[in-house]
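# Topology and contacts: notes
The chain contents come next:
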2 protein chains.
Amino acid sequence: MTESPVHHESPIYRRIADRLREQILSGALGDGDRLPGENALMNEYGVARATARQALAVLINEGLAVPRRGSGVYVRLFRPIRRHGPRRLSREQWGDGRAIWDHDTMGRPYTVDELRVTREKAGGRVAEVLGTDEVWVRRRRYSVEGRPVQLAASHYPAAIVGGTPITEADTGPGGVYARLGELGHAPARFTEEVRARMPLPNEAKLLEMPAGTPLIVIDRIAYTAAGVAVEYNEMLLDSASYVLQYDFDA
Amino acid sequence: MTESPVHHESPIYRRIADRLREQILSGALGDGDRLPGENALMNEYGVARATARQALAVLINEGLAVPRRGSGVYVRLFRPIRRHGPRRLSREQWGDGRAIWDHDTMGRPYTVDELRVTREKAGGRVAEVLGTDEVWVRRRRYSVEGRPVQLAASHYPAAIVGGTPITEADTGPGGVYARLGELGHAPARFTEEVRARMPLPNEAKLLEMPAGTPLIVIDRIAYTAAGVAVEYNEMLLDSASYVLQYDFDA
DNA sequence: TAGTGGTCTAGACCACGTG
DNA sequence: ACGTGGTCTAGACCACTAC
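Bear in mind the structure is a predicted one, so any value in this text is a computation, not a measurement. (Residues numbered from 1 in each chain as written. Chains lettered and ligands numbered in written order. Predicted model: local features only at pLDDT ≥ 70, side-chain atom pairs only at ≥ 80, totals over all residues. Heavy atoms only, no water.)

Residues and elements named next belong to chain A. Helix α3 (residues 49-61) packs onto helix α1 (residues 12-25) with a crossing angle of 50 degrees between their chain directions and a minimal axis gap of 8 Å. Of the possible angle classes, the one that applies to α1 and α3 is oblique. The interaxial crossing formed by α1 with α3 has right-handed handedness. Residue-level contacts link I12, Y13, R14, I16, A17, L20 and R21 of α1 to T51, Q54, A55, L56, V58 and L59 of α3. Residues of the contact of α1 with α3, tallied by class, amount to 9 nonpolar, 2 polar and 2 charged. (Axes fitted to C-alpha atoms, helices over the stretch in contact; angles between N-to-C directions. Helix = DSSP H or I, 4+ residues; strand = E, 2+ residues; numbered from the N terminus. Parallel < 35°, antiparallel > 145°, perpendicular 65-115°, else oblique. Left-handed = near helix turned anticlockwise from the far one by under 90°. Contact = heavy atoms within 4.5 Å. Nonpolar A, V, L, I, M, F, W, Y, C, P; charged D, E, K, R; others polar.)

With that settled, the discussion passes to the interface of chain B and chain A. Contacts between chain B and chain A engage 40 residues on the former and 40 residues on the latter. Of the roughly 3300 Å² buried between chain B and chain A, counting both surfaces, carbon and sulfur atoms make up 63%. Our count for the chain B to chain A interface comes out at 2 salt bridges. With a shortest N-O distance of 2.7 Å, B:R82 and A:E193 are connected by a salt bridge. Between chain B and chain A we count 12 residue pairs in polar contact (both at pLDDT 80 or more) in total. (Buried area = accessible area lost by both parts, 1.4 Å probe. Salt bridge = Lys/Arg side-chain N within 4 Å of Asp/Glu carboxyl O. Polar contact = N/O pair within 3.5 Å; in protein donor to acceptor, adjacent residues only side chain to side chain.)

By nearness alone, 26 residues border DNA strand D, and A:I12, A:A48, A:T51, B:N39 and B:R53 come closest of all. Here the atoms of DNA strand D within 4 Å of the protein split so that 81% fall in sugar or phosphate, with bases taking the remainder. A distance of 2.6 Å separates a phosphate oxygen of DNA strand D from a polar atom in the backbone of A:I12. B:R53 places a polar side-chain atom, nitrogen or oxygen, 3.3 Å from a phosphate oxygen of DNA strand D. Listed by contribution, the elements that provide at least two residues to the surface near DNA strand D are α1 and α3 of chain A together with α2 (38-45), α3 (49-61), β2 (65-68) and β3 (72-75) of chain B. With 4 residues, α3(A) is the single largest residue contributor to the surface near DNA strand D. Across the surface near DNA strand D, the residue classes tally to 9 nonpolar, 9 polar and 8 charged. (Near = heavy atom within 4 Å.)

In this section: the packing of aromatic side chains. Tallying each qualifying case throughout the model produces 5 aromatic pairs over all chains. Three or more aromatic residues link up through ring pairs in this structure, and these residues are A:Y177, A:F190 and B:F248. The ring of B:Y223 carries the charged tip of B:R189 above its face, separated from the ring centre by 4.9 Å. (Phe/Tyr/Trp six-rings, centres within 6.5 Å; stacked < 30°, edge-to-face > 60°. Lys NZ or Arg CZ within 6 Å of the ring centre and 35° of its normal.)

This paragraph deals with the sheet that holds strand β4 (residues 81-84) of chain A. With mixed pairing, the 8 strands of this open sheet are ordered in space as β4(A)-β11(A)-β8(B)-β9(B)-β10(B)-β7(B)-β6(B)-β5(B). In the strand order of this sheet, the two ends are held by β4 of chain A together with β5 (110-121) of chain B, each with one partner. For this sheet the average axis-to-axis angle between neighbouring strands, irrespective of direction, equals 20 degrees. Seen against the sheet, helix α8 (residues 175-182) of chain B touches β6 (134-144), β7 (147-157), β8 (187-197), β9 (215-224) and β10 (229-238) of chain B and runs at an angle of roughly 145 degrees to β8(B). (Pairing = 2+ DSSP bridges.)

Turning our eyes to something else, we now look at the UniProt feature "domain: HTH gntR-type" (unreviewed entry) in chain A. Here the UniProt feature "domain: HTH gntR-type" (unreviewed entry) sits at residues 10-78 of chain A. Annotated as 51% helix and 14% strand, the span residues 10-78 of chain A places its first and last C-alpha atoms 30 Å apart. (UniProt positions renumbered as here; feature names shortened; annotations may be inferred.)

Taken together, 25 residues are adjacent to DNA strand C, and A:N39, A:R53, B:I12, B:Y13 and B:T51 come closest. Considering the 4 Å shell around the protein, atoms of DNA strand C inside it are sugar or phosphate in 81% of instances. Between a phosphate oxygen of DNA strand C and a side-chain N or O atom of A:N39, the distance comes to 2.5 Å. Between a phosphate oxygen of DNA strand C and a main-chain N or O atom of B:A48, the distance comes to 2.9 Å. Those elements that place two or more of their residues in the surface near DNA strand C are α2 (38-45), α3, β2 (65-68) and β3 (72-75) of chain A together with α1 (12-25) and α3 of chain B. Considering only residue class, the surface near DNA strand C consists of 9 nonpolar, 8 polar and 8 charged.

Next up, the structure:
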């Protein structure tokens, strides 16, 4: 039309997004509620389809809404797992391998799948930390209540774990840390590096993450009392499913 | 034209994005390099402007590229600050208030601005943890090398800090923790909760964050030896500028 | 079958930064 | 002045979901 677009204000799609966001944050639209769809926004605001779409894309990329094809756009819901850094790794927990994850999920049911144990040539930081490029890697995926929440890849020096149950699918009672202890390499100290970034497409697919969901990346290194690094564990967590907690003294 | 679109494969804009991503991750396009722009992609792939744009939007939302109006789209660069959880808060650091941040930035120059100290009615979790809704709040923004990297809001019970330098802009040598110590409320234990999410528009603006950059949210509570919560500090970190490190024993 | 979101085209005008 | 990304329109066809 000939209506002057009146710029210098915030663009239309942003103002539509702002109004919808306000309704979500104020609670007027609650968890799982349906947002007005593309057609509804076209009618309500008299804009083209692409503009309505752009407004919804803002909320989707902010992680506030999730689109479902053929159905609609819905307010996102959160149910974080509390992952307690230091406490979960205290020695007492090793008695039973499941204890660590039971601690995290507070009893909610979880599963492990896509477990693959392979021997590999390590590169870059892993080789540097472990002091060798000959490593065994244990990769797996954790799901809670049927939803995948974490990918993990634990690296171990081949010289230490070769020929032990750590290279088998089933590591036995107490898990890897119990086996390392029996080998005289019990972890005594840990360092965790925490980052956040957007997932790559393959990561988003494995974790079934909707758009607008960051990844929490944790690189954990386990050291023996002698200061030898015996494990490099890279974990990728769906940030919508996790809260990390760290306790320490002054 | 009449060329059949051949669906059931991944859409055009995704395949364009995949090719560009590959060049970025492989290093063929390095930090700060210019990507082919909208016009270039239109010519190269014979697609409409909106499709080329959509391909670039994928990379931008993944945090791999940054658009600059009037100039082009560029490969994103990273220069993280290492923020060391426990060590930076050890008592020895309090002797000089600047020490904590010097530790984080490893000597890189930083500034604090937008400092506001206000008395407020606390709500929700803050009031619950501090055991009162009468609080003083110290809000400020940290920048490193001229780029804003963190917003922080520290909450203190008014009954403890009222009338002390903690309610002034300048808290004196050693900072807030030194003053709390003099008041008989020296922090002895800390807990930090770490989350990641996409920033809201006002948060993204204050931190000058480009699209596709998650926020790291840290809620830190300081407890005295007697177990009294004396500080609730909510920090919002630009995830492109930070790596968190936590050390602990088994 | 009707409605939803997903992809794509072919135009247009604008604000902005670099030359 | 020119090319860049930013916004917007008005169509179209598709795949999927719900009824």
